[in-house]
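Residues per chain are reported as follows:
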Amino acid sequence: MSKSLFTDASSRLERALKYVSISDDAIERLKYPKASLSVSIPVRMDNGTLRIFQGYRVRYDDTRGPGKGGVRYHPNVSIDEVQSLAFWMTFKCALLDLPFGGAKGGITLNPKELSKAELERLSRGYIEGIADFIGPDIDILAPDVYTNEMIMGWMMDQYSIIQRKISPAVVTGKPLTMGGSRGRDTATGTGAFHVINSLLPKLDKKPANTTVAVQGFGNAGAVVADLLAKAGYQVVAVSDSQGGIYREKGLDIASIREYKQEHRGITAIYCEGTVCNIVEHEAISNEELLALDVDVLIPAALENQITAENADRVRAKYIFEVANGPTTSEADRILDSKGILVFPDILVNAGGVTVSYFEWVQNRSGLYWRLNEINERLKERMVTEAEKVWSFAQEFDISLRNAAYAQAIARLGEALDAKGTRDYYQNKTRA
Ligand SMILES: NC(=O)C1=CN([C@@H]2O[C@H](COP(=O)(O)OP(=O)(O)OC[C@H]3O[C@@H](n4cnc5c(N)ncnc54)[C@H](O)[C@@H]3O)[C@@H](O)[C@H]2O)C=CC1
Ligand SMILES: O=C(O)CCC(=O)C(=O)O
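Residues numbered from 1 in each chain as written. Chains lettered and ligands numbered in written order. Predicted model: local features only at pLDDT ≥ 70, side-chain atom pairs only at ≥ 80, totals over all residues. Heavy atoms only, no water.

If you check an unreviewed UniProt entry, the protein chain appears there as Glutamate dehydrogenase from Microcystis aeruginosa. If you open the UniProt record of the protein chain and go to Sequence similarities (unreviewed entry), you find "Belongs to the Glu/Leu/Phe/Val dehydrogenases family." (UniProt positions renumbered as here; feature names shortened; annotations may be inferred.)

Now the structure itself:
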């Protein structure tokens, strides 16, 4: 039987514990999710029938602050996946020193099959189901795969209706007009760009002689591809769920982004003003993209993409994980034995939750920041944490993943011990 995603995810905790000293009580607490909720969501479809959808929210840990994490709409969403994503959020928020714990949510569906009205009823129904489990000081939602600012707006509105007060801080990634933050839509890709652009020079890589392939051309992948191309990197391949495109001379990412917005798919296109032409390229599968002979590979779609089955075929020198959990722990060992450096998800994709934190702060203070203030603060945080992970890995000669986890675990251990085990309270209530 294959390992569950959560078993695989938690093996990262086990491995990194070697490099940090925290109490046995804290270790035990970190092995289990604090609370999980599963809800059935009845939705009246446009044709009059009633359909029941399955939704989840898991709050993995809230020792350092309220739970924080996105909501995914995807056919493969399961409690195992949501729990793993909530686990990763816990270590990500601790690594970036954000005053949040980790949480995540999801609904099992193919959102492309629903009309806009059905999606709205579903999103509001999800909030009805989990309203008692979330809140600005309890657990705060955000976008993830196949959810966006429109959906976040509906969720925030529904929560406010239930509470009978405007509660913008319960959801981040909202439309600007509903209290969203400038820069949240591009934050994940922008944060990843800063990590890549600040760490590659340490490996003597300059943009012009660095080729890049990006798997997943959504909110996270398209933005990082665009920023890398603008900075002079050679982005030679990109893909979405339908497959990918490869062009040895490099792709015009800005034109491909525009094309994708209008047509939903991707093609190698070059636009000058209003004139666009499809340029010669090779159509490749997602599997082929992962095996391209490039310097940098950026998985930015889903988990479990680089596994024991295909890790041996990876030829990139550096992997920057923009997706959550794209590399399995067995694949990690194979990549390591081939000398491929993996820059871990909990560092590389943390720009999204960092600007979500800024949005939450703005909602609570009522004072809204300019885009350049957001981007400067984001850059400063990402570069600082990337440097710390890099130096820790160098100092102890360990993988970047172990270095990132060790630092996050140290912060979590400190917070768990500061709260104590609450034995006194529990014994008293039992007596
Ligand atoms: N949106 C955010 O703020 C954050 C997202 N992430 C992670 O980044 C990854 C991507 O998320 P988003 O860009 O937000 O989602 P999105 O919904 O905006 O885009 C997903 C992209 O992946 C493509 N895709 C789906 N299945 C694929 C497959 N099997 N192979 C190749 N491409 C596939 C889709 O066509 C789409 O282009 C996820 O792992 C997510 O958890 C991580 C941190 C923050
Ligand atoms: O912005 C957030 O709160 C969380 C984004 C997210 O789901 C993630 O980082 O995986």
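A word on the overall build of the protein chain. Within the protein chain, the regular secondary structure consists of 15 helices and 15 strands. Taken against the 2.2 N^0.38 rule, which gives 22 Å for 431 residues, the C-alpha radius of gyration of the protein chain at 21 Å falls within 12% of a compact globule. Referenced to the eigenvectors of the C-alpha coordinate spread, the extents of the protein chain come out at roughly 75 × 60 × 50 Å. Of the contacts formed within the protein chain by residues at least 6 apart in sequence, a portion of 68% connects residues at least 24 apart. With the model as given, the accessible surface of the protein chain reaches about 18700 Å², and the carbon-plus-sulfur share is 49%. Averaging the coordinates of the 51 positive side-chain charges in the protein chain and doing the same for the 55 negative ones gives two points 4 Å apart. (Helix = DSSP H or I, 4+ residues; strand = E, 2+ residues; numbered from the N terminus. Rg over C-alpha atoms; globule rule 2.2 N^0.38 Å. Contact = heavy atoms within 4.5 Å. Areas by Shrake-Rupley, 256 points an atom, 1.4 Å probe, with all protein chains shown as cover. Lys, Arg positive; Asp, Glu negative; His and termini not counted. Charge placed at Lys NZ, Arg CZ, Asp CG, Glu CD.)

To continue, consider the environment of Asp 157. Note on placement: Asp 157 falls in helix H5 (residues 149-163). Of the residues examined, Asp 157 reaches a relative accessible area of 29% and is grouped as partly exposed. Considering only alpha carbons, one finds Asp 157 and Val 171, 14 residues apart in sequence, at a separation of 9.6 Å. Among residues more than four places away in sequence, those in contact with Asp 157 are Arg 124 and Met 178. (Buried < 20%, exposed > 50% of the residue type's maximum accessible area, 1.4 Å probe, protein only.)

Turning to the site of ligand 1, a few remarks are in order. Contacts to ligand 1 come from 23 residues, most closely from Asp 144, Tyr 146, Thr 188, Asn 219 and Asn 324. In the model, an oxygen atom of ligand 1 is placed 2.9 Å from a nitrogen or oxygen of the Arg 184 side chain. Between a nitrogen atom of ligand 1 and a side-chain N or O atom of Asn 286, the distance comes to 3.3 Å. Grouping the constituent residues of the shell around ligand 1 by class yields nine nonpolar, nine polar and five charged. Split by domain, the shell around ligand 1 shows at least three residues from each of two domains, domain 1 (33-178) and domain 2 (186-347). (Near = heavy atom within 4 Å. Polar contact = N/O pair within 3.5 Å; in protein donor to acceptor, adjacent residues only side chain to side chain. Nonpolar A, V, L, I, M, F, W, Y, C, P; charged D, E, K, R; others polar. Domains from an automatic or database assignment.)

Moving on to unusual backbone geometry. Located in the positive-phi region is Asp 97, a residue other than glycine, with phi close to 55 degrees. With respect to the helices and strands, the residue Asp 97 is situated in the loop between helix H3 (79-95) and strand S5 (102-108). Phi is positive for Arg 164, which is not a glycine, with a value near 60 degrees. With respect to the helices, strands and loops of the structure, Arg 164 is situated in the loop between H5 and helix H6 (187-199).

On domain assignment, one finds that the protein chain holds domain 1 (33-178) and domain 2 (186-347). For domain 1 and domain 2, the distance between their C-alpha centroids amounts to 28 Å. Across the boundary between the two partners, domain 1 contributes 14 residues, which contact ten residues of domain 2. The contact between domain 1 and domain 2 buries some 940 Å² in all, and 57% of this surface belongs to carbon and sulfur atoms. The tally of links from domain 1 across to domain 2 stands at one salt bridge. As a salt-bridge pair, Arg 72 and Glu 303 come within 3.0 Å of each other at their nearest N and O atoms. Our count for the domain 1 to domain 2 interface comes out at two residue pairs in polar contact (both at pLDDT 80 or more). Mapped by element, the contributors of at least two residues to the side of domain 1 that touches domain 2 are strand S4 (71-74) and H3. Ranked by residue count, the leading element in the side of domain 1 that touches domain 2 is H3, at six residues. (Buried area = accessible area lost by both parts, 1.4 Å probe. Salt bridge = Lys/Arg side-chain N within 4 Å of Asp/Glu carboxyl O.)

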